[in-house]
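One-letter residues, chain by chain:
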Number of protein chains: 2
Amino acid sequence: MTRILFYLEDYSHDIWREAVRRVDPSVEFRSHPDWGSPDDGPAYAFVWEPEPGLLARYSNIKAIFSLGAGVDHLTRDPDLPKDVPIIRMGDDGLKEGMAEFVTMSVLMHQRGMPALLAKQRSKDWGRFFARAAKDTRVGILGFGALGQVSAQALLPFGYDIAAWSRTEKPEYQGISLYHGADSLNTFLARTDILVGLLPSTPETSGLMNFDRLSHLPEGASIVNAGRGSLIVLDDLMSLLTSGYLSGATLDVFPEEPLAKDHALWGLDNVIITPHIAAITRPDTAAEYVLRNIEKLERGETAENQLDMKRGY
Amino acid sequence: MTRILFYLEDYSHDIWREAVRRVDPSVEFRSHPDWGSPDDGPAYAFVWEPEPGLLARYSNIKAIFSLGAGVDHLTRDPDLPKDVPIIRMGDDGLKEGMAEFVTMSVLMHQRGMPALLAKQRSKDWGRFFARAAKDTRVGILGFGALGQVSAQALLPFGYDIAAWSRTEKPEYQGISLYHGADSLNTFLARTDILVGLLPSTPETSGLMNFDRLSHLPEGASIVNAGRGSLIVLDDLMSLLTSGYLSGATLDVFPEEPLAKDHALWGLDNVIITPHIAAITRPDTAAEYVLRNIEKLERGETAENQLDMKRGY
């Protein structure tokens, strides 16, 4: 019998319990705060933003599954158990959602939607002549699973696509690959629409500051769907206000929800979405978690198991 | 030597002259009003919204090329020459532009962007749980060249896609086909996001009235990127205001530009774009026109030559 300890604030747990039971009715699904005692026997944690210290108190936890692709909500807990595998969410629903969001946002920037939406607000019938997709250079910053499905979704439109990753990745049909800090500015200089999909690590935090952003060509725009810590928000705002950058779609922020009095809300060329680019879907996520619990039980490594040295 | 008589109000003709000359430097490109005399010898008209009666005065015109996919700007001229072939624009730029716009708009409705954009205006961090693409039924109303490229672009996202056309079309991989007036309500009843791509003809004018729109399921949304005459705007507005329909993206209107005092501007769940879904691109259009002039000179039928009986 598999035991799951589930943690998710603010949302109903029923939909998750049902999704897990549909895959395997024998699972014992314990919803926080009813996690019982550590002496009840081995269990797997399946959590989002658990209160710091909570996981450390359950010595029966054999592995921790994150409800999302990000794991910074776990790694920021100073008491996080050190010898327990941590597994990022990698279900198909998450990948599909990201491919949809990135494609939608890139199309919106190519087709001038931020400017057209602003014109609509002033009841102004204005024209916008879009650049052809083949003349639009998309740059994907972070080329893991989510970066790759996003690139794959964009390819049929004929965009000129490059991707940057911290470490070298295998060749990918139709995409120009860059890697390492030394090539980042070159990658930025050839990018009209930058798609941020980097994980949150000490190296990526504040990576896109005024200097880095200024390596983008004038008129470039930005889609950030990875982690809010990637971008120095004040630097981005001054480049958007000066008109050097033409627009941005931001789904993630250093602090969420974005404060009601934040100046970003008032910028005409910014589209703000409430961290919905890729939302984990209960049905596909339940399959993913139970499949990977089986792998761990067999002594194998799980899919998307955290590499603690890289931090993601 | 090929002679082209060009007509386009409000925009510079130079970009068009240059595009045509890049394909064939020997073309004589005459820009309105400098069309010369009908006695100057055979010529091809390449026009958008020419003043009524103008084409009739040039008996040397051997064929008329429309600068866009629509030809209602020609057929409404009571003096339009009867025995001259009329050719709709079918360049790749137009098709690519439509595939981009339709994909962007369908993704925006699936992902709840009209509601999220409204929340952004009130600085409100609100969540929206999107339906999965596979559970979202897209219905393409009009399955000609533009309908087909749009469907093709949507397929990789996994939408459940159907298409309706007036006359029967050959099978199309992955798309459920409906045709004829009798099946229209059945097609509408299974459609969550309706994409209007019908040409403007007496049969399509006002086709989507209150009764037809009410066959869509509650919560459906509409993207109209074909012709404004398709939809009875007052009927659509009352269904959007009542909340029966959840949103609309409208690129075309019965009268353009949309009047500044039109109530549509004020609707929160409507995205208005200024007839930019598919804009003819000079480079690809010039190739298309010159390729089809050669076909006509060889005595062949041109691509997308108008069938006057159907009216498009």
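Position labels on residues start from 1 in each chain and follow its written sequence. Chain letters and ligand numbers both follow the written order, the letters beginning at A and the numbers at 1. Note on the predicted model: pLDDT of at least 70 is required for a residue's local features to be given, and 80 or more for side-chain atom pairs to be given and counted; whole-chain, interface and lining totals, by contrast, use all residues. Side-chain numbers here rest on the full set of heavy atoms in the structure, without hydrogens or water.

**What to know about the sheet that holds strand β5 (residues 86–87) of chain B**
All names here are of chain B.
Okay, step 1: Read across the open sheet, the 5 strands follow the order β2-β1-β3-β4-β5; overall the sheet is parallel. Looking at which strands have only one partner, the edges of the open sheet turn out to be β2 (28–31) and β5.
Okay, step 2: Between any two strands, pairing holds if DSSP finds at least two bridges. Think of it this way: any DSSP run of H or I at least four residues long counts as a helix, any run of E at least two long counts as a strand, and we number them from the N terminus. Sheet analysis places strand β4 (residues 61–66) next to β5, joined by 2 bridges and oriented parallel. In the strand pairing of β5, F65 is matched with I87.

**Description of helix α4 (residues 113–121) of chain B**
Okay, step 1: Categorising residues by exposure relies on relative accessible area from a 1.4 Å probe, with only protein chains included: less than 20% of the type maximum marks a residue as buried, more than 50% marks it as exposed, and the intermediate range marks it as partly exposed. Along α4(B), the residues classified as buried are B:M113, B:P114, B:L116, B:L117, B:A118 and B:Q120.
Okay, step 2: Following α4(B) by one or two positions, B:K123 has its phi on the positive side, about 50°.

**A closer look at unusual backbone geometry**
Okay, step 1: Here the bond from A:H32 into A:P33 is cis, since omega is 10°, no more than 30 degrees from zero.
Okay, step 2: Relative to the assigned elements, A:P33 resides in the loop between β2 (28–31) and β3 (43–47).
Okay, step 3: Going from B:E256 to B:P257, the amide bond is cis rather than trans, its omega being -5°.
Okay, step 4: Position of B:P257 among the secondary structure elements: in the loop between β11 (247–250) and β12 (270–272).
Okay, step 5: The residue A:E49 is not glycine, and still its phi comes out positive at about 50°.

**So, the relation of the copies chain A and chain B**
Okay, step 1: Relative to chain B, chain A is turned by 180° and slid 0.0 Å along the rotation axis, the superposed coordinates differing by an RMSD of 0.1 Å. Overall, the copies show the geometry of a two-fold rotation axis. For chain A, the residue whose C-alpha comes nearest the rotation axis is A:M104, separated from it by 2.5 Å.
Okay, step 2: Whether two residues are in contact is decided by their heavy atoms: any pair within 4.5 Å suffices. Both copies contact each other with a shared surface, as 100% of the interface residues of chain A are interface residues in chain B too. We superpose the copies by least squares over the C-alpha atoms of residues that have a pLDDT of at least 70 in both of them.

**Considering the sheet that holds strand β6 (residues 137–141) of chain B**
Residues and elements named next belong to chain B.
Okay, step 1: The parallel open sheet is built from 7 strands, whose spatial order is β8-β7-β6-β9-β10-β11-β12. The open sheet is flanked by β8 (176–179) and β12, the only strands paired with a single partner. Taken pair by pair, the neighbouring strands of this sheet meet at an average axis angle of 15°, ignoring direction.
Okay, step 2: Sheet analysis places strand β9 (residues 193–196) next to strand β10 (residues 221–224), joined by 4 bridges and oriented parallel. By the bridge assignment for β10, V195 is matched with V223.
Okay, step 3: Seen against the sheet, helix α8 (residues 233–241) touches β10, β11 and β12 and runs at an angle of roughly 145° to β11. Axis definition: a line fit to C-alpha positions, over the contact stretch in the case of helices; interaxial angles, taken between N-to-C directions, run 0 to 180 degrees.

**Things to note about the pattern of salt bridges**
All names here are of chain A.
Okay, step 1: Definition used for salt bridges: Asp or Glu carboxyl oxygen within 4 Å of a side-chain nitrogen of Lys or Arg. Evaluated as defined, the whole model comprises 37 salt bridges over all chains.
Okay, step 2: Among the salt bridges present, the one from K119 reaches D124, with a minimum N-O distance of 4.0 Å.
Okay, step 3: By relative accessible area, K119 is classed as partly exposed at 28%.
Okay, step 4: Given the relative accessible area of 31%, D124 is considered partly exposed.
Okay, step 5: R131 is paired through a salt bridge with D192; the nearest N and O atoms lie 3.9 Å apart.

**Side note on the interface of chain A and chain B**
Okay, step 1: Taken together, the contact pairs 48 residues of chain A with 48 residues of chain B.
Okay, step 2: We define buried area as the total accessible area lost by two parts upon association, computed with a 1.4 Å probe and summed across both. With both chains or domains summed, chain A and chain B bury close to 4400 Å², and 66% of this area falls on carbon and sulfur atoms.
Okay, step 3: Together, A:R111, A:W125 and A:W265 form the three largest contributors to the area buried by chain A at its contact with chain B, with a combined 19%.
Okay, step 4: In this assembly, chain A and chain B are joined by 2 salt bridges.
Okay, step 5: With a shortest N-O distance of 3.1 Å, B:E100 and A:R111 are connected by a salt bridge.

**Digging into the environment of A:R22**
Residues and elements named next belong to chain A.
Okay, step 1: With respect to the helices and strands, R22 occurs in helix α1 (residues 14–23).
Okay, step 2: Residue R22 is classed as exposed on the basis of its relative accessible area, which comes to 60%.
Okay, step 3: Sequence separation between R22 and D283 is 261 residues; the distance between their C-alpha atoms is 8.3 Å.

**Here's the deal with the side chain of B:D192**
Okay, step 1: Inspection of the secondary structure puts B:D192 in the loop between α6 (184–189) and β9.
Okay, step 2: Excluding residues that lie within four positions of it along the chain, B:D192 makes contacts with B:R131, B:D135, B:T136, B:R137, B:P217, B:A220 and B:S221.

**A look at helix α3 (residues 92–110) of chain A**
All names here are of chain A.
Okay, step 1: The span one expects for a helix is its residue count, reduced by one, times 1.5 Å. Taking 1.5 Å as the rise per residue, α3 with 19 residues should run 27 Å; its terminal C-alpha atoms sit 27 Å apart, in good agreement.
Okay, step 2: Polar contacts, as used here, are pairs of N or O atoms within 3.5 Å; protein pairs need one atom able to donate a hydrogen and one able to accept it. Residues neighboring in sequence count only if both atoms are side-chain atoms. Structurally, the start of α3 carries an N-cap: the backbone nitrogen of G93 is 3.1 Å from a side-chain oxygen of D91.
Okay, step 3: One or two positions beyond α3, positive phi appears at G112, with a value near 75°.

**A short note on the domain arrangement of chain A**
All names here are of chain A.
Okay, step 1: You can read the domains of chain A as domain 1 (3–91 + 280–297) and domain 2 (93–272).
Okay, step 2: The gap between the C-alpha centroids of domain 1 and domain 2 is 32 Å.
Okay, step 3: Across the interface of domain 1 and domain 2, roughly 670 Å² is buried in total on both sides, 46% from carbon and sulfur atoms.
Okay, step 4: If you sort the residues of domain 1 by the area they bury against domain 2, D72, D91 and R281 come out on top, with a joint share of 60%.
Okay, step 5: At the junction of domain 1 and domain 2, the tally comes to 2 salt bridges.
Okay, step 6: One salt bridge in this structure joins E96 and R281, with 3.2 Å as the shortest N-O distance.
Okay, step 7: Remark: the boundary between domain 1 and domain 2 carries 5 residue pairs in polar contact (both at pLDDT 80 or more).
Okay, step 8: Only Asp, Glu, Lys and Arg are considered charged, only Ala, Val, Leu, Ile, Met, Phe, Trp, Tyr, Cys and Pro nonpolar, and every remaining residue, Gly among them, polar. For the side of domain 1 that touches domain 2, the class distribution of residues is 3 nonpolar, 4 polar and 3 charged. These domain limits were set by an automatic method or by a database of domain assignments.

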